[in-house]
Amino acid sequence: MQIGVIYEIIGDGIEAETYLRWGKAISCSLQLPLFIVAFSSLLGKLYVTRRLWDLAEKELRCAEQILNDNCTPFCCSKCKLILEVTLHGYLGDLCQSKLNACEDGVSEETAKNWYSSALNKLTLSEWKNPLSCPEDDGDATTAAAKCDAGKTCTCSIMNEAGEDVMKSTKAGPGTKTGPKQNRKSKNAAKRWTYLPSEVVKSGLLNDFIILKWEFVRRKLSMKLLTRV
């Protein structure tokens, strides 16, 4: 998988496809659904880049079908959610790529729906923890109450970051952000910088695991927000 990704990065799509298809074949023979989904998703992404949209859709739908099968065994709910988020992002990319090429039968709304679906999966209850309690906008107070005493609740940071990204996108690349927006972004950044130090201070392995998951969630969120 890593070799296939490296070949894709350096622009050798043919060699990347060879390794990814090889990996998928091994995963199928060993009946490893998690890896089948991962390889199919990467193949779909590769085909989107090469504008082979029929092949891209075939691979992405294959991955989607496996994920939608409730009988499919996965190591944990978060691993499955990460695969679903990644897959929905790629399906959004497929729609966007076809839209950019003026293909018929696809709309901007469809691409946005896929991206929104992926973002929504990053606010489900599985992600709730003492360090970050993603909730609906109207329930921020409840989220704060659920956090352990002495911990920094970072529920609103993603919303703040998301708002700033959306405002910047709407305003255009040449538009300057106001002092209020800058202060808001800096405050959010300071709070997020302070959070890891609390985890280090606690010395608890569970806190480090939670923090690692939170890094993964935020990284995926920001990627999706920029695509929206």
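Residues numbered from 1 in each chain as written. Predicted model: local features only at pLDDT ≥ 70, side-chain atom pairs only at ≥ 80, totals over all residues. Heavy atoms only, no water.

- Under an unreviewed UniProt entry, the name given to the protein is Separase-like, and the organism recorded is Trifolium medium.

Focus: helix α2 (residues 13–29)
Stage number 1. Counted at 1.5 Å a residue, the expected span for α2 with its 17 residues is 24 Å, and the 24 Å between its end C-alpha atoms agrees.
Stage number 2. If you check which residues of α2 are buried, you get G13, A16, E17, L20, G23, K24 and S27. All buried residues of α2 project into a common sector of 135° when viewed along the axis, lining one side. Away from its buried face by more than 90 degrees, α2 exposes I14, W22 and S29.
Stage number 3. Its buried side turned inward, α2 meets α1 (2–9), α3 (33–49) and α4 (53–68).
Stage number 4. Following α2 by one or two positions, Q31 adopts a phi angle in the positive range, close to 55°. (Helix = DSSP H or I, 4+ residues; strand = E, 2+ residues; numbered from the N terminus. Expected span 1.5 Å × (residues − 1). Buried < 20%, exposed > 50% of the residue type's maximum accessible area, 1.4 Å probe, protein only. Arc of directions from axis to C-beta. Contact = heavy atoms within 4.5 Å.)

With respect to the side chain of S97
Stage number 1. Tracing the sequence through the fold places S97 in helix α5 (residues 77–100).
Stage number 2. Beyond its immediate chain neighbours, meaning those up to four positions away, S97 contacts V48 and W53.

Quick word on a positive patch on the surface
Stage number 1. Taken together, the side chains of K45, K212, K219 and K223 define a basic patch exposed on the protein surface.
Stage number 2. The biggest single contributor to the positive patch is helix α10 (residues 205–227), with three residues.
Stage number 3. Relative to the helices and strands, K219 resides in helix α10. (Patch = residues over 30% accessible without salt bridge, like charges linked within 9 Å, V, L, I, M, F, W, Y side chains within 5 Å. Areas by Shrake-Rupley, 256 points an atom, 1.4 Å probe, with all protein chains shown as cover. Salt bridge = Lys/Arg side-chain N within 4 Å of Asp/Glu carboxyl O. Lys, Arg positive; Asp, Glu negative; His and termini not counted. Charge placed at Lys NZ, Arg CZ, Asp CG, Glu CD.)

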